[in-house]
Amino acid sequence: MTIHSTANQKIRDAEKAREELRTALNWAGITLPSLSLDAVSLAGNYPRPLVDLGRCAPEVARQLAVALRKSPT
């Protein structure tokens, strides 16, 4: 397996994780408009992709807090 195919797999996996999170948040009625992959973490031959939750308005932060409190432990 080449460096580039491994890097591409890591990026695709991070994209899938981002979409899974977006779907779960949407199910809870929450939208994080800045939800993305962190561009800096994608750079280089050995990327370590990070999902960037971004910024949100205070009311969205509160919605997220409520949703997390409702989740089973």
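Below you will find a few notes about this structure. In this text, all values refer to a predicted model and were calculated from it rather than measured experimentally.

Residue placement: A7 occurs in helix α1 (residues 3–27). In this structure, the C-alpha to C-alpha distance between A7 and A43, residues 36 residues apart in sequence, is 9.8 Å. Residues in contact with A7, not counting those within four places in the same chain, are N45 and P47.

All right, on to the pattern of salt bridges then. One pass over the structure, following the stated rule, counts two salt bridges. In this structure, E19 and R18 form a salt bridge, with 2.9 Å as the shortest nitrogen-oxygen distance. You can call E19 partly exposed: its relative accessible area is 33%. The exposure class assigned to R18 is buried, which follows from its relative accessible area of 18%. Notably, a salt bridge pairs R22 with E19, separated by 3.3 Å at the nearest N-O pair.

Conventions and cut-offs
- Residues numbered from 1 in each chain as written.
- Predicted model: local features only at pLDDT ≥ 70, side-chain atom pairs only at ≥ 80, totals over all residues.
- Heavy atoms only, no water.
- Helix = DSSP H or I, 4+ residues; strand = E, 2+ residues; numbered from the N terminus.
- Contact = heavy atoms within 4.5 Å.
- Salt bridge = Lys/Arg side-chain N within 4 Å of Asp/Glu carboxyl O.
- Buried < 20%, exposed > 50% of the residue type's maximum accessible area, 1.4 Å probe, protein only.

Purely geometric stuff here, so don't read any function into it on its own.
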